[in-house]
Amino acid sequence: MEHYHMNLTLKVWKQKNKNDKGRFETYEVKNISSEMSFLEMFDVLNEQLIAEGKEPIAFDHDCREGICGACSMYINGRAHGPWHHTTTCQLHMREYKDGDTIVVEPFRANAFPVIKDLVVDRTAFDRIIQAGGYISVNTGNAVDANAIPIDKHNADEAFAAAACIGCGACVAACPNASAMLFTSAKVSHLALLPQGEPERTTRVADMIRQHDKEGFGGCTNIGACEAECPKGISLENIARLNREYMAATFRGGSKNSI
Amino acid sequence: MSWKSYFSTSVGKKLQMSLTGIFLITFLVVHAYINAQIFWNDGGEEFGHLAHFMGTNPVIRTIEIGLFAFLLLHVIQGLVLWARNVGSRKSRYAVSKRNETSRWYSRSMGLLGTLILLFLILHISMFWAPNRASQTIGNGELDLYGMMRDEFQNPVIVVIYVLGCISLAWHLVHGFYSAFQTLGLTTNRYKGAIKAVGVGFSIIVPLIFALMPIAFYLQWIQ
């Protein structure tokens, strides 16, 4: 693909802190290479702002290779921008042409309060994991990795679910701001493996309860989460979560039994 | 965990929507089958037999109470979930390209459901309510076939009925599949089949219903 340069207009959400109302600020960036990533374009903008003595824009990022789940941003009406199966750091500027205007907002959900500008607090996800997204392993020597035979199909399904990087795009994209795709991926990858068996009945109920408590909306099977997920987590995981939840209730398990 | 606590979470509430929805879907099949008897064009004779059975059989009358209870539960839980879901994002996106990631009807179940409910209030007050009222005061069953023939001479009523059926069709396109997804039955193996049957159902059943007022209005049946 041909390499080119572009000038862009950016409308970026600026918000001092959780309690600030927030507003859009308009910025011009010049001479952006089509080979830059979206975050590198933001680096250029921030360097420009620092040089002008202004405050740079706060945004989340870490690995910049699409596997950590730190970056977010709602770009022109899409979580992680318009590309399929892509995080913001892997979105490249060849998507845009000279003179384009790009609107960048934070992921919006009551359960994801804005910390500053484009950075949102996603620790609600950590608390869902703490509620049940773990397995019990006794201390001692590490067990041989292949000691327990696992059905190939289940291993593949578990791995596909475990690919969830917890970025929160499912919440950002969901019209209900539901985190059911995330929760179902975390329930699924443990429910499919023998190592997840001991907590199987308590895990799903406790994680759903925590999900609701965090203020996420409910799932109405719309499917925007699956369409927007950078890791291609399937809605089949939500079907599995529903089955697990029903089965757990039949067995009557929950550590917070009421 | 108790069943009470099970049904109180968002997933449990969704399961109530699913189960009551499937019950309402089976009701639609029975209702469409019986009313389609008018298409024999026999002056309502076959339809009259079945309507008499449905209106007087004690088992059916008991299920009828369940039908209203489930409909009410479906409406109430739907509104509860809608309020929670709308409220879970207080600050709105300035730009949101939702049509690129989901379908309008799947996001509009509350609106479509409300339209169906408004239609149902009209529909029930036109046929079911006067018929049962007449039975209760000892005047016997009304001539439902004759009532349909008379009511559907009014083009406004015909248009309202067709619009009600269109709302139902879109509600079902998402609702049918969604009910089975909630039950956890839409594994990759069956998802395609469930979606296809759902779309077929959503077209055929509302079409049968919509053809009734149209057929009377255009005098295809007398």
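Numbering of residues starts from 1 in each chain and follows the order in which that chain's sequence is written. To read the labels, note that chains go from A and ligands from 1, taken in the order they are written. With the structure being a predicted model, the display of local features is reserved for residues of pLDDT at least 70 and the display and counting of side-chain atom pairs for 80 or more, all residues being used for whole-chain, interface and lining totals.

A.B. asks: Would you take a moment to explain the domain arrangement of chain A for this structure?
C.D. replies: Accessible area lost on assembly of the parts is the figure often given for the size of an interface. Residues and elements named next belong to chain A. Domain boundaries shown here were taken from an automatic or database domain assignment. Domain assignment breaks chain A into domain 1 (5-115) and domain 2 (122-251). Its C-alpha centre places domain 1 at a distance of 29 Å from the equivalent point of domain 2. Residue pairs are scored as contacts if the distance between their C-beta atoms, which are placed from the backbone, is within 7 Å. Across the contact, 18 residues belong to domain 1 and 17 residues belong to domain 2. Each residue gets one of three labels, nonpolar for Ala, Val, Leu, Ile, Met, Phe, Trp, Tyr, Cys and Pro, charged for Asp, Glu, Lys and Arg, and polar for the others, Gly among them. By residue class, the composition of the side of domain 1 that touches domain 2 is 8 nonpolar, 8 polar and 2 charged.

A.B. asks: Looking at this model, I keep getting lost on the packing of helix α6 (residues 109-136) of chain B against helix α8 (residues 155-182) of chain B. Mind explaining?
C.D. replies: Helices that pack against each other are described as a pair by the angle of their axes relative to one another and the distance between those axes. All names here are of chain B. To define axes, lines are fitted to C-alpha atoms, for helices over the stretch in contact only, and angles between the resulting N-to-C directions are given on a 0 to 180 degree scale. Where helices and strands are cited, they refer to DSSP runs of H or I of at least four residues and of E of at least two residues respectively, numbered from the N terminus. Contact pair α6 / α8: the axes reach a minimum separation of 9 Å and the direction vectors enclose 140 degrees. If you check the angle between α6 and α8, you find them oblique. Two packed elements cross with a definite hand, and for α6 against α8 that hand is left-handed. Taking contact as the criterion, the partners of Met109, Leu112, Gly113, Leu115, Ile116, Phe119 and Leu122 in α6 are, on α8, Ile160, Gly164, Ser167, Leu168, Trp170, His171, His174 and Gly175. Partitioning the contact of α6 with α8 into residue classes produces 9 nonpolar, 6 polar and no charged. For this classification, under 35 degrees means roughly parallel, over 145 means roughly antiparallel, 65 to 115 means roughly perpendicular, and everything else is oblique. Throughout, a crossing is termed right-handed when the near helix is turned clockwise from the far one, and left-handed when it is turned anticlockwise from it by less than a right angle.

A.B. asks: What's the story with the interface of chain B and chain A in this structure? I'm lost.
C.D. replies: Each partner contributes to the interface: chain B provides 37 residues, whereas chain A provides 44 residues. With 4 residues, helix α2 (residues 10-35) of chain B is the largest single contributor of residues to the side of chain B that touches chain A. In terms of residue class, the side of chain B that touches chain A is built from 10 nonpolar, 18 polar and 9 charged.

A.B. asks: Explain the confidence of the model for chain B here, please?
C.D. replies: In low-pLDDT regions, the fine details of the predicted coordinates are not to be read closely. All names here are of chain B. Looking at any residue, its pLDDT shows the predictor's confidence there, from 0 to 100. Looking at chain B, the pLDDT average stands at 95 and 100% of residues meet or exceed 70. Here helix α1 (residues 3-8) stands out as the element of chain B with the lowest mean pLDDT, 81, in contrast to α8, whose mean of 98 is the highest. Both scores are given for the predicted complex: the pTM is 0.94, the ipTM 0.92.

A.B. asks: How do you make sense of the packing of helix α2 (residues 123-132) of chain A against helix α6 (residues 200-213) of chain A when you look at a structure like this?
C.D. replies: All names here are of chain A. Their axes nearest at 7 Å, the elements α2 and α6 cross at an angle of 155 degrees. As far as their axial angle goes, α6 and α2 are roughly antiparallel. You can see that α2 and α6 cross each other, and the crossing is right-handed. Along the contact surface, α2 presents Arg127, Ile128, Ala131 and Gly132, while α6 presents Thr202, Arg203, Asp206, Met207, Gln210 and His211. When grouped by side-chain class, the residues that make up the contact of α2 with α6 number 3 nonpolar, 4 polar and 3 charged.

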